[in-house]
Amino acid sequence: MNELELTRALYLQLAEEDQRLVVKGAAEKGFVVDGFSKNVSKAPPRAVYACMAKRARRGGKYPYQLVLDTMAERRKINEENIIYHLAGEWMKGEYTHAGVEEYLRKLTHDKKELDSAATEKKEEKEPQSQEQNREQEEKSESVALTKKMEQIAQELLIIKEKNKKYKGIIQEYKIEIDNLQNNILKQEKAKDRFFRQIGELKNQIQQIQVEKNEEIGRRETIERQNVALKEQIEILMKQLKELELYRKHAPKLLCIAKTKNKIDFPGYDIKMIHEWDEIAKEEAVNGGYSEVWLVQKQFPYHLVSEISECIGKRLRQFLTMEDLINTVSQGGKKDDADGGQTDHRSIGS
């Protein structure tokens with residue numbers, strides 16, 4: 001039985017007044033019956049029954065779901081109504097559906113038996129007016145149905161209590177089993193941990209002995225290294241003093257070149273500048289340089305002329321950076337174009 005079939009069956013089992021109340025409540029949620037838009041509660045059960053199977057509005061619930069929700073909500077208002085009770089139980093989840101279907105079948109079967117008994121009883125009685133017979137039959141059926149519904153509701157409550165009790169017992173057993181399994185697992189882990197600790201301690205003892213021997217060897221090596229380092233430090237300190245003295249007397253030079261690479265020659269204190277502007281001019285004139293080197297090819301002719309006029313005799317010009325490096329590396333001599341050599345002025349003179 002799907003949810004639509006269950007909703008229809010529950011609705012048809014309701015009394016006429018309850019049917020109107022349910023339809024009215026569902027209408028407040030959006031339930032619509034064709035032809036009864038102004039007063040949905042007056043719609044006949046057949047029309048309500050048919051409209052339950054309509055499609056749901058976009059993003060909303062199906063019409064039968066609105067009716068089922070309303071019946072489940074009315075359980076809070078009328079707890080004794082077995083139909084409302086069954087609707088509420090169904091809404092709890094799939095685990096209740098089988099029980100609800102079983103009670104609904106039993107309820108429908110009992111109602112059919114009551115209808116049959118009422119018919120037989122009617123035939124045995126003396127002839128009465130049609131209206132009196134109908135009223136008496138309806139009253140008898142209502143009383144019998146009410147008693148039967150109360151009996152079913154009571155049985156359902158008893159079963160629910162038993163289920164609740166059994167669930168509690170099962171849960172306790174599950175918890176106890178989980179606790180025992182966890183304790184066993186903890187004991188096994190503890191045993192494994194103890195064995196690992198014993199093995200680790202043995203390894204640690206062996207490692208400590210090895211490290212002790214290595215430490216003795218390291219100390220002896222360190223002592224020898226310390227002696228050698230002290231000797232090296234003394235030599236380096238002596239060399240540093242000599243370098244400081246050498247640096248103080250090294251020629252101070254300025255190199256003007258576009259290249260970003262720094263040039264360095266032993267015996268020279270060289271500073272690089274890469275642009276010729278007022279700051280560079282001030283540095284070249286008043287910086288206390290014994291010579292200024294200029295790589296001609298990297299500057300335009302008018303700047304070369306300006307630099308030459310500004311620096312004067314302290315200016316030493318080279319065509320390219322390679323020319324500068326080769327000339328200085330050869331001790332200040334530069335090859336002429338015809339293969340001869342021209343001595344440049346010695347640095348610092």
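Residues numbered from 1 in each chain as written. Predicted model: local features only at pLDDT ≥ 70, side-chain atom pairs only at ≥ 80, totals over all residues. Heavy atoms only, no water.

Undergrad: Explain the pairing of strand β3 (residues 291–295) here, please?
TA: In the case of a regular strand, side chains alternate between the two sheet surfaces. Within β3, five of the five residues are buried, leaving the element largely enclosed by the surrounding structure. By the alternation rule, side chains of β3 split into E291, W293 and V295 and V292 and L294, which are all buried. Summarising the sheet, β3 and strand β4 (residues 315–318) pair through four bridges and their orientation is parallel. Counterpart to W293 in the pairing with β4 is R316. The handedness of the β3 to β4 crossover, carried by helix α9 (residues 301–311), is right-handed. (Buried < 20%, exposed > 50% of the residue type's maximum accessible area, 1.4 Å probe, protein only. Helix = DSSP H or I, 4+ residues; strand = E, 2+ residues; numbered from the N terminus. Pairing = 2+ DSSP bridges. Right-handed = clockwise from strand over helix to strand, strands pointing away.)

Undergrad: Can you help me understand the packing of aromatic side chains in this one?
TA: For any pair of aromatic rings, the description rests on two quantities: the centre-to-centre distance and the angle between the ring planes. A complete count under the given rule lists five aromatic pairs for this structure. Between F265 and Y268, the aromatic rings sit 6.4 Å apart at their centres with planes inclined by 85°, giving edge-to-face as the arrangement. Accessibility expressed as a relative area gives 22% for Y268, which makes it partly exposed. With a centroid separation of 5.9 Å and 65° between ring planes, the pair formed by Y268 and W293 is classed as edge-to-face. Here Y268 is found in the loop between β1 (252–256) and β2 (269–273), whereas its partner W293 is found in strand β3, with 25 residues between them in sequence. Judged by its relative accessible area of 0%, W293 falls in the buried class. One aromatic cluster is present, formed by F265, Y268, W293 and F318 through successive ring pairs. Over the ring of Y289 we find K252, and its NZ or CZ is 5.0 Å from the ring centre. (Phe/Tyr/Trp six-rings, centres within 6.5 Å; stacked < 30°, edge-to-face > 60°. Lys NZ or Arg CZ within 6 Å of the ring centre and 35° of its normal.)

Undergrad: I would appreciate a short explanation of the nonpolar core in the present structure.
TA: Counting 33 residues, the largest nonpolar core has L10, F31, V48, M52 and M71 as the members making the most contacts within it. Counting only elements with at least two residues in this core, the list comes to α1 (3–13), α2 (16–28), α3 (45–51), α4 (63–73), α5 (82–91), α6 (97–124) and α7 (130–249). Other than its neighbours up to four places away in sequence, M71 contacts T7, L10, Y11, L14, V22, I83, Y84 and A87. Formed by 15 residues, the second largest nonpolar core is a distinct cluster that contains W276, Y289, F299 and L315. (Core = buried A, V, L, I, M, F, W, Y, C linked by side-chain atoms within 4.5 Å. Contact = heavy atoms within 4.5 Å.)

Undergrad: Teacher, can you tell me more about the sheet that holds β4 here?
TA: Within a sheet, neighbouring strands are paired by backbone hydrogen bonds and run either parallel or antiparallel to one another. As summarised here, the arrangement of the four strands in space is β2-β1-β3-β4, forming an open sheet in which the pairing is parallel. At either margin of the open sheet sits one strand with a lone partner, and together these are β2 and β4. Each adjacent strand pair in this sheet contributes to an overall mean axis angle of 25°, direction not counted. Examined bridge by bridge, β1 and β2 share five bridges and lie parallel to one another. Bridged to K252 within β2 is D269. (Axes fitted to C-alpha atoms, helices over the stretch in contact; angles between N-to-C directions.)

Undergrad: Help me out: how do you make sense of the environment of V285 in this one?
TA: When you line up the elements, V285 lands in helix α8 (residues 278–286). Look at V285 and you get partly exposed, because its relative accessible area is 37%. Distance from V285 to R314, taken between C-alpha atoms, is 9.7 Å for residues 29 residues apart in sequence. If near-sequence neighbours (up to four positions away) are discounted, V285 is found in contact with C310 and R314.

Undergrad: What is the right way to read the pairing of β1 from this model?
TA: Counting buried residues in β1 gives four out of five residues, a clear majority hidden from the surface. Relative to β3, β1 runs parallel, the two being bridged by four bridges. What sits directly across from I256, in β3, is L294.

Undergrad: Would you mind showing me how to read the pattern of salt bridges here?
TA: If charged atoms from side chains of opposite charge come close, those side chains can pair. Enumeration according to the criterion identifies 14 salt bridges in this entry. Between D34 and K54 there is a salt bridge, and its shortest N-O distance comes to 2.4 Å. Residue D34 is found in the loop between α2 and α3, and its partner K54 is found in the loop between α3 and α4; the two are separated by 20 residues along the sequence. A relative accessible area of 31% places K54 in the partly exposed class. When the shortest N-O distance is used, the salt bridge between R75 and E89 registers 3.1 Å. In this pair, R75 sits in the loop between α4 and α5 while E89 sits in helix α5, placing the two residues 14 residues apart along the sequence. The residues R75 and E89 share a single accessibility class, namely buried. In this structure, a network of salt bridges that share partners links the residues E214, E215, R218 and R219. (Salt bridge = Lys/Arg side-chain N within 4 Å of Asp/Glu carboxyl O.)

Undergrad: Got a minute to help me understand a nonpolar patch on the surface in this structure?
TA: A contiguous nonpolar patch, built from L229, I233, M237, L240 and L243 and spanning about 480 Å² of accessible area, is present on the exposed surface. Checked against the element boundaries, I233 lands in helix α7. What makes I233 partly exposed here is its relative accessible area of 49%. (Patch = residues over 30% accessible without salt bridge, like charges linked within 9 Å, V, L, I, M, F, W, Y side chains within 5 Å. Areas by Shrake-Rupley, 256 points an atom, 1.4 Å probe, with all protein chains shown as cover.)

Undergrad: Looking at this structure, how should I read the packing of α4 against α5?
TA: Between two packed helices, the angle of one axis relative to the other and the distance separating the axes together describe the packing. Packing of α4 against α5 brings their axes to within 7 Å, and their N-to-C directions diverge by 115°. In terms of axis orientation, α4 runs roughly perpendicular to α5. The interaxial crossing formed by α4 with α5 has left-handed handedness. Only I83, Y84, A87, G88, W90 and M91 of α5 make contact with α4, whose side of the interface consists of L68, D69, M71 and A72. Its residues assigned to classes, the contact of α4 with α5 comprises eight nonpolar, one polar and one charged. (Parallel < 35°, antiparallel > 145°, perpendicular 65-115°, else oblique. Left-handed = near helix turned anticlockwise from the far one by under 90°. Nonpolar A, V, L, I, M, F, W, Y, C, P; charged D, E, K, R; others polar.)

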